[in-house]
Amino acid sequence: MVIFWRRLMKRHILFASALLLSACAAPPVTYETGIDTAGMDMTVKPGDDFFAYANGAWDKSAEIPADRSSWGGNAILAEQVDKDVAALIEGAGKGSPKPGSEAALIADFYKAYMDEAGIEAKGLEPLKPVLATIDAIKDKKSLSSYFGSTLRAECDVMNNTQLTTDSLFCLWVAADFDKPDTYAPFLMQGGLSLPDRDYYLVDSGRMAGVRDAFKLHIEKVLTLAGVADAKPKAQRILDLETKIAGVHASVDDTSDPAKGNTHWSRADLDTRAPGIDWAAFLDAAKLSGQSTFVAWQPAAIAGESATVAATPIATWKEYLTFHYIDRNANQLSRAFVDERFDFYGKTLSGTPQLQERWKRGVAATNAALGEAVGHLYADKYFPPASKAAVQEMVTNITAAFEKRVDALGWMDPATKKEAKAKLAVLKVGIGYPDKWKSYEGLEIAPDDAFGNIERAAMSISDQKIARLGQPVDRGEWVMNPQLVNAVNLPILNALNFPAAEMQPPHFDARAPAAVNYAAIGAIIGHEISHSFDNNGALFDSTGRMRNWWTTEDFAHFTASGDALAKQYDAYKPFPDLSLNGKLTLSENIADVAGLAAAYDAYRASLGGKEGPTVGGFTGDQQFFISFAQTWRYKAREAAMRRQVLTNGHAPAPYRALTVRNLDAWYAAFDVKPGQALYLAPAERVKVW
Ligand SMILES: [Zn+2]
């Protein structure tokens, strides 16, 4: 699920974000070589700056569209996919679809969203019922009940990574780490409007500036909604969020499954996290029947609950009023949409211009009716021949990965056996799910954009809550087929490769093998290797959280991870800001292992010969240049800083530098000691 207001902190997915885009032509590619030679800068030596060598001319000439905070290969593809999806959505409304059919739901949803005049005419009307409920809160019980009513199953630490929410708590419904055949409720921290606790707590001029702008944003939102005394209320709301931030766990700790698997009984909520009226909260959250919860950040849950009790109810009502309006601002009149964009788009991400309405309409429809739209997309854009071709690459890369496991000199046979057992049952989803989600019973009206979005979000959450206690479905998908991305689901030991990801520049039937293996091949390898990265190492072939390593092997694995973290800690996008090697470790391990497996599979596909030299580039050169070109990317400073602070992925230009860890890259480009990217053989990290 990708929706506008959410702060995305993705971990196991492939890219930092894949929102909407604006017009820009795809780069010219010569199909003779399959690489974009015009986008390269051949005056740069590959060993000095490989990203610039592969992408320098593109980097100099490409401009980030005004409605985006970043731009690059994935964005250019996602731009095309959005246009294709918009045409499918518009097509769904033609020929009077049967009421209640998926085509009718899609058409009515989009129509309501695009009806700006109707939305404008309704003004503040859609907010009134819930604002009246907030106004009627009079004691701890009714306050707790309201908090419970805002709980949504919208978080997901390990899959389609969403670590938090602006509601007080967040729910993640996933397989229990201890009993992986059953779904369990994971309770997580929430309640902040800004992306992370650091935005409230770090004492720097930059963060102080964000806080001042945020306070002004609260004041403006309240004023637009006709709330009196907006200024002092804004101060109190910021103070309260700062208190919540003070009890939050860090993003590093939140991302660490070993730190999150704490099971609490229903009674533990009352004794370990006193403050909230938990009975009222759970009842309103439709969770009163649950006997066990996974308290993902126990100290934060206790701290937030204590904050509920220690803060005057009047202050909470101010906070809840602001949160409700702010969360729903994109479905209100233009003044609210503009104000929301002004703060979250411009100030927090540095994006100058709001996207056109149709693009926001496509995003909202994807969020509300993802698989209904995805079904149309897959039918039209992902033919069986493409599915078969990608399936064959998956088989070859899995085989290459298995060979690498066999060849590891340091690994004990017992650990190898466990790793291979995991590989043998890996469930690889290509294009779209085997079974489509049902939207039966969802009420969508052609004149109620606000209500449609609320009901769709509630329905998605309700479907997840209904799974609690039920057997786990390993065929579940967490990404829509029309999303340019890919994901590993570590507890399910499964992969999703959406149909939209398998389009040029990632996969193209016309391109040479070197290029397809470096592009979609490295992505396939990346996702496979997540089953064996620092998080995947915690789960066995059944999805149970169990250490399947010998002590010596795990120590060796951890040491390799530490070395890779140091490599990324040394990259500095800005003089005052380095990458966080620990935060991005899981992704960086997947990049190294994925590229290595893809390279092996490419070489195996040549049957012992060298790949053909085309346009002056050897097969290996084409492979590595193509890999670096899939990571072409530029971002505005605010967005780049935000990604470095909160995202589990290194910014794309640094991901291109994964090549430093492969011996074959040194041979392909004659990289020598003394060059900036040179690593001595012992410093090259080979995790798998
Ligand atoms: Zn990943």
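### Comments concerning the coordination of the zinc ion
Each pair of donors in an ideal octahedron of six around a metal sits at 90 or 180 degrees, and each pair in an ideal tetrahedron of four sits at 109.5 degrees. The zinc ion binds to the protein through H526 (NE2), H530 (NE2) and E587 (OE); the donor distances cover 2.0 to 2.1 Å. For the zinc ion, the single-chain donor residues occur in sequence as H-x3-H-x56-E. Placement of the pair is H526 and H530 together in helix α22 (residues 513–530), with a separation of 4 residues, close to one helical turn. For the pair H526 and H530, a shared accessibility class is recorded, and that class is buried.

### Some remarks on the state of the cysteines
For the structure shown, the criterion picks out 1 disulfide. A sulfur-sulfur distance of 2.2 Å marks the disulfide that ties C155 to C170. Residues C155 and C170 are joined by a disulfide whose S-S torsion is about 105 degrees; by sign, that bridge is right-handed. One end of the pair, C155, is in the loop between α6 (140–149) and β2 (169–175); the other, C170, is in strand β2, with 15 residues separating them in the sequence. You can call C155 buried: its relative accessible area is 3%. Using a relative accessible area of 0% as the deciding quantity, one classes C170 as buried.

### A short note on helix α14 (residues 298–310)
Here α14 spans 18 Å end to end across 13 residues, near enough to the 18 Å set by a 1.5 Å rise per residue. Burial in α14 covers these residues: A300, I301, A302, G303, E304, S305, T307 and V308.

### Topic: the side chain of T311
Positionally, T311 belongs in the loop between α14 and α15 (313–327). The buried category is assigned to T311, whose relative accessible area is 6%. Within the structure, the side chain of T311 is placed 2.7 Å from the backbone oxygen of T307, a separation counted as a polar contact. When near neighbours in sequence (up to four residues on either side) are disregarded, T311 contacts L240, K243 and W316.

The rules behind these values
Residues numbered from 1 in each chain as written. Predicted model: local features only at pLDDT ≥ 70, side-chain atom pairs only at ≥ 80, totals over all residues. Heavy atoms only, no water. Donors = N, O, S within 2.8 Å, 3.2 Å for Na, K, Ca; no water. Helix = DSSP H or I, 4+ residues; strand = E, 2+ residues; numbered from the N terminus. Buried < 20%, exposed > 50% of the residue type's maximum accessible area, 1.4 Å probe, protein only. Disulfide = S-S within 2.5 Å. Expected span 1.5 Å × (residues − 1). Polar contact = N/O pair within 3.5 Å; in protein donor to acceptor, adjacent residues only side chain to side chain. Contact = heavy atoms within 4.5 Å.

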